[in-house]
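Chains, contacts and geometry: an overview
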Amino acid sequence: MRRYHQPAEVEFNENGEPVRFTAWGRTYALIESVQPYWEEMLPWWQNEYADKTAEELTVRHYTLRAHGPQRSAVVELVQRLGEWYVEGVED
C-alpha cells in the first residue's frame, strides 16, 4: 500500500457511513468495506491534546474499495481531529 496523507472531503449515507470522497481533485465512489471499521485514541496525556474531548481524540479508520474516474483501488480513509485523509492506496 502506498502511504499518503492527502486531505479528502467525504460524503456519508443516512447511517453515517462513507459513500464517496474527493481527493486529488477527483471523486471516488466507495463500493464495499474490505476490513472492519476501527477506532483508536490519540495520546490524550500529551500536552498538545490536553484540551480535546474524547470525541475529538477518536481516530476513525476505514479500509474500502473505491471506484474512481480511471480505476478501482483499496483505500484507507482516516478521520483525525475532525479532518479526513486518504492515508493509503493499494491498486
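Note: the structure precedes this text.
Below is a short write-up of the structure. Fair warning: this is a prediction, and the values are worked out from it, not measured in the lab.

1. So, the overall build of the chain
The helix and strand inventory of the chain stands at one helix and six strands. When the helices and strands of the chain are placed in sequence order, the string is β-β-β-α-β-β-β. Judged by the C-alpha coordinates and their principal axes, the chain covers about 45 × 30 × 25 Å. Going through the 91 residues of the chain one by one, you find that 36% of them count as buried. Sequence-distant contacts, at least 24 apart, represent 44% of the contacts inside the chain between residues at least 6 apart. About 5,900 Å² of surface is accessible on the chain, with carbon and sulfur atoms providing 47% of the total. In the chain, which carries 9 positive and 16 negative side-chain charges, the distance between the mean positions of the two groups comes to 8 Å.

2. Considerations on the environment of V10
Within the element layout of this structure, V10 appears in strand β1 (residues 2–12). C-alpha separation for the pair V10 and F21, spaced 11 residues apart in sequence, amounts to 4.3 Å. Those residues in contact with V10, other than ones at most four positions away along the chain, are P18, R20, F21, L77 and W84.

3. Overview of the pattern of salt bridges
Tallied over the full model, the rule gives six salt bridges. Here R65 ties to E32 by a salt bridge, and the two come within 3.0 Å at their closest N and O atoms. Note that R65 is positioned in strand β4 (residues 58–67) and E32 in strand β3 (residues 26–41), a separation of 33 residues in sequence. By relative accessible area, which is 41% here, E32 ends up partly exposed. Residues R80 and E87 are paired through a salt bridge, measuring 3.4 Å at the closest nitrogen-oxygen approach. On the basis of relative accessible area, R80 is assigned to the partly exposed category, the value being 23%. Classification of E87 by relative accessible area gives buried; the value is 10%. Each of E39, E55 and R60 takes part in salt bridges that share partners, so that together they form one network.

Parameters at a glance
Residues numbered from 1 in each chain as written. Predicted model: local features only at pLDDT ≥ 70, side-chain atom pairs only at ≥ 80, totals over all residues. Heavy atoms only, no water. Helix = DSSP H or I, 4+ residues; strand = E, 2+ residues; numbered from the N terminus. Buried < 20%, exposed > 50% of the residue type's maximum accessible area, 1.4 Å probe, protein only. Contact = heavy atoms within 4.5 Å. Areas by Shrake-Rupley, 256 points an atom, 1.4 Å probe, with all protein chains shown as cover. Lys, Arg positive; Asp, Glu negative; His and termini not counted. Charge placed at Lys NZ, Arg CZ, Asp CG, Glu CD. Salt bridge = Lys/Arg side-chain N within 4 Å of Asp/Glu carboxyl O.

Everything listed here is a matter of coordinates, which is why it stays silent on function.
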